[in-house]
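Read off the chains here:
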Amino acid sequence: MEPEAPAGRAPAAASKLSEAVGAALQDPRRQRRLVLVIVCVALFLDNMLYMVIVPIVPYYVHAAGEKPTPTSSPKPPTPTNASAVTGNTSEPPTADLPAKPIVKPRHPRDNEDVKIGVLFASKAILQLLVNPLSGTFIDRMSYDLPLLLGLGVLFASTVMFAFAEDYATLFAARSLQGLGSAFADTSGIAMIADKYPEEPERSRALGLALAFISFGSLVAPPFGGFLHEFAGKSAPFLVLAAVSLFDALLLLVVAKPFSAAARARANLPVGTPIHRLMLDPYIAVVAGALTTCNIPLAFLEPTIATWMERTMAASEWEAGIAWLPAFVPHVLGVYLTVRLAARYPHLQWLYGAFGLAVIGASSCLVPACRSFAPLVISLCGLCFGIALVDTALLPTLAFLVDVRHVSVYGSVYAIADISYCVAYALGPIVAGHIVHSLGFAQLSLGMGLANLLYAPVLLLLRNVGLLKRSRSERDVLLDEPPQGLYDAVRLRERPMSDRGAAPRSPPGPLDACEEGDYDYYTRS
């Protein structure tokens, strides 16, 4: 009987451990911290998958381009091969001279660049097309189920990358990643805004998410190149697939998206449609700033390596490592903006305007760099400015929804994702054509000038911090409609003097509603 005692205590210990984990998950503060970890890992994974193919894709495309085809040479293969093997120099091979360059001309190299550019842009293009639908879906279904759906699609996309053998499969996997990102990124950021309603904590949580995005983008190329070189082409994608699967399982344990409580949480107030949010002038200004600040980064990434080779004779490792030091100023910009927003929350527009000015000046300085060190300093300034703009304006979007619309964040962060995708969809395709037609210096100066000119536009947001935010749609009712385009929706707390009686609203336009309509508002 004694040997059975340890075996009998094992299930009891397992049940106690599960009870302790369940009790920890019931704590709201611990639960939202776990949700923040899940979202940060999802954003990190998406950006890792976005950038990990940078050192890998040229090998795929180049290997596919070198496959022999029967139409590669107009001449019969036998004489050409015979002349190549014998290497006869006594008679001039006049018939074989034209056939030699046809095997590897310069045009396939240009065609490879076009294929790589289209492959990089396909993710952002599909994400741009799906975002209006994903934002509405997230508003209707809450945040955890769309996040789980996005992680599942990212897992399938990563597995496709691991076993892809041709360009068509790579293109399908890249486009599938855009579909998963439209759900995972938007629902993740919206979930952070919902779990952290107070402004200091919200800015801190969104800043942490932005730091994970930056870290994933910068670490991915050396990570992918190292594993591709020493462990095989499938290794980096299988590692990322395992991470996405683990993150999805953790979300199932923490959020329980298929439970009855999750279905009750999905009964959110009806969110403002995305087309109405796009017409909000404040939201439009923020979306324009997010697009403008990311255009230099999206346009420089596919063009700066070639420019470095031509102007400063940079080696491949210098072109690859030029962006790596920029991670430090990006994190510094996030930290600085979060600290300033906690002390001076009404100056978010000023932090964003200053960030646009820094981006504009850094972009204009890039063409003047003739050595590696000044270029790295300019790129660090560029990433520092992007961190200021993103960290200041992403919480502003949630605040604008709180004070001017309904506090459901799926559609508004779908607009933010659309703003990013516009830049990253145009960058890989348009940047190369601009460089070939106008020049790299003109491209950089144009982007810098656009950021400098857009910085004063953020003055339109200077009164946003003075708007009063609502407490909750469950505790307040509309008192009266807005009196002007820029007036916030004024909300008044309902009197709850008699616990047994039905809640009554102050006199207002809702008094003329039918009884059924009134019950709808009291339930919400």
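On a predicted model such as this, the values are computed, not experimentally measured, just so you know.

A. Up close: the overall build of the protein chain. When helices and strands are tallied, the protein chain shows 21 helices and two strands. Counting over 524 residues, the protein chain shows a buried share of 45%. Looking at the protein chain alone, contacts between residues at least 24 apart form 82% of all its contacts between residues at least 6 apart. On the protein chain, roughly 26400 Å² of surface is accessible, and the fraction owed to carbon and sulfur atoms is 66%.

B. Local environment of the packing of helix H2 (residues 28-51) against helix H8 (residues 167-195). Closest axis-to-axis distance for the H2/H8 pair is 10 Å, and the angle between their directions is 155 degrees. In terms of orientation, H2 lies roughly antiparallel with respect to H8. Handedness of the H2/H8 crossing: left-handed. Where H2 abuts H8, its residues Arg32, Val35, Leu36, Val39, Leu43, Asp46, Leu49 and Tyr50 lie against Arg174, Gln177, Ser181, Asp185, Gly188, Ile189, Met191, Ile192 and Lys195.

C. Representation of the side chain of Thr303. Checked against the element boundaries, Thr303 lands in the loop between helix H13 (281-300) and helix H14 (304-312). Excluding residues that lie within four positions of it along the chain, Thr303 makes contacts with Ala431, Gly432, Val435, Phe440 and Leu443.

D. Up close: the packing of aromatic side chains. Taken as a whole and assessed by the stated rule, the structure comprises seven aromatic pairs. For the pair Phe44 and Phe212, a centre-to-centre distance of 6.5 Å together with 90 degrees between the ring planes defines the contact as edge-to-face. Of the two residues, Phe44 is situated in helix H2 and Phe212 in helix H9 (residues 199-230); the sequence distance between them amounts to 168 residues. The partly exposed category is assigned to Phe212, whose relative accessible area is 31%.

E. A look at unusual backbone geometry. Not every positive phi belongs to a glycine, and Ser142 is a case in point at roughly 70 degrees. In this structure, Ser142 sits in the loop between helix H6 (107-141) and helix H7 (144-162). The exposure class assigned to Ser142 is buried, which follows from its relative accessible area of 6%.

F. Representation of helix H17 (residues 348-365). Taking 1.5 Å per residue, 18 residues should reach 26 Å; H17 reaches 26 Å between its end C-alpha atoms and fits that length. Of all the positions in H17, only Gln348, Trp349, Tyr351, Gly352, Ala353, Gly355, Leu356, Val358, Ile359, Gly360, Ser362 and Ser363 are classed as buried. On the buried face of H17, the contacting elements are H9, H13, helix H16 (327-343), helix H18 (372-404) and helix H20 (440-454).

G. Seen up close, a nonpolar patch on the surface. A surface patch of nonpolar side chains, amounting to about 320 Å² of accessible area, comprises Phe155, Leu245, Leu249 and Leu252. Take the nonpolar patch: its biggest share by element is three residues, from helix H10 (residues 235-255). Secondary-structure assignment places Leu252 in helix H10.

H. Representation of H9. Counted at 1.5 Å a residue, the expected span for H9 with its 32 residues is 46 Å, and the 46 Å between its end C-alpha atoms agrees. A bend of about 40 degrees at Ala220 is the largest found in H9, and the proline Pro221 appears one to four places after it. Gly232 occupies a position one or two residues after H9 and carries a positive phi of about 105 degrees.

I. Main features of the confidence of the model for the protein chain. Summarising the model, the protein chain shows a mean pLDDT of 76, and 71% of its residues fall at 70 or more. Note on residues 471-524: pLDDT is under 50 here. Beyond four places in sequence and across chains, it has 63 contacts.

J. Summary view of the packing of H7 against H10. One can describe the packing of H7 onto H10 by two numbers: an axis separation of 8 Å at closest approach and a directional angle of 165 degrees. Between H7 and H10, the angle is such that the two are roughly antiparallel. By crossing handedness, the relation of H7 to H10 is classed as left-handed. Mapping the contact onto sequence places Asp144, Leu147, Leu148, Leu151, Phe155, Thr158, Val159, Phe161 and Ala162 in H7 and Phe237, Leu238, Leu240, Ala241, Ser244, Leu245, Asp247, Ala248, Leu251, Leu252 and Ala255 in H10.

K. Molecular detail of the environment of Ser437. With respect to the secondary-structure elements, Ser437 resides in helix H19 (residues 410-437). Polar side-chain contacts of Ser437 include one of 3.3 Å to the backbone oxygen of Ile434.

L. Quick look at the environment of Gly150. Tracing the chain through its elements places Gly150 in helix H7. Of the residues examined, Gly150 reaches a relative accessible area of 0% and is grouped as buried. As a C-alpha pair, Gly150 and Ser181 span 31 residues in sequence and 6.3 Å in three-dimensional space.

M. Focus on the side chain of Ser187. Of note, Ser187 is situated in helix H8. In this structure the side chain of Ser187 is engaged in a polar contact, spanning 2.4 Å, whose partner is the backbone oxygen of Phe183. Among the polar contacts made by the side chain of Ser187, one reaches the main-chain carbonyl oxygen of Ala184 at a distance of 3.4 Å. If we skip the residues at most four places from it in the chain, Ser187 touches Ile138, Tyr143, Pro146 and Leu147.

N. Looking closely at the pattern of salt bridges. Scanning the entire structure with this criterion turns up four salt bridges. One salt bridge connects Asp46 with Lys123, and the closest N-O pair in it is separated by 3.7 Å. Placement of the pair is Asp46 in helix H2 and Lys123 in helix H6, with a sequence separation of 77 residues. The class of Lys123 is buried, set by a relative accessible area of 7%. Residues Asp280 and Arg404 are paired through a salt bridge, measuring 2.8 Å at the closest nitrogen-oxygen approach. Of this pair, Asp280 sits in the loop between helix H12 (274-279) and H13 while Arg404 is found in helix H18, placing the two residues 124 residues apart along the sequence. With a relative accessible area of 3%, Asp280 lands in the buried category.

O. Quick peek at the environment of Glu318. Here Glu318 lies in helix H15 (residues 316-321). With 54 residues separating them in the primary sequence, Glu318 and Phe372 have C-alpha atoms 7.8 Å apart. If we ignore the near neighbours within four places in the chain, the residues touching Glu318 are Met308 and Phe372.

Conventions we followed
- Residues numbered from 1 in each chain as written.
- Predicted model: local features only at pLDDT ≥ 70, side-chain atom pairs only at ≥ 80, totals over all residues.
- Heavy atoms only, no water.
- Helix = DSSP H or I, 4+ residues; strand = E, 2+ residues; numbered from the N terminus.
- Buried < 20%, exposed > 50% of the residue type's maximum accessible area, 1.4 Å probe, protein only.
- Contact = heavy atoms within 4.5 Å.
- Areas by Shrake-Rupley, 256 points an atom, 1.4 Å probe, with all protein chains shown as cover.
- Axes fitted to C-alpha atoms, helices over the stretch in contact; angles between N-to-C directions.
- Parallel < 35°, antiparallel > 145°, perpendicular 65-115°, else oblique.
- Left-handed = near helix turned anticlockwise from the far one by under 90°.
- Phe/Tyr/Trp six-rings, centres within 6.5 Å; stacked < 30°, edge-to-face > 60°.
- Expected span 1.5 Å × (residues − 1).
- Patch = residues over 30% accessible without salt bridge, like charges linked within 9 Å, V, L, I, M, F, W, Y side chains within 5 Å.
- Salt bridge = Lys/Arg side-chain N within 4 Å of Asp/Glu carboxyl O.
- Bend = angle between axes of the 7 residues up to and from the residue.
- pLDDT = per-residue confidence, 0-100.
- Polar contact = N/O pair within 3.5 Å; in protein donor to acceptor, adjacent residues only side chain to side chain.

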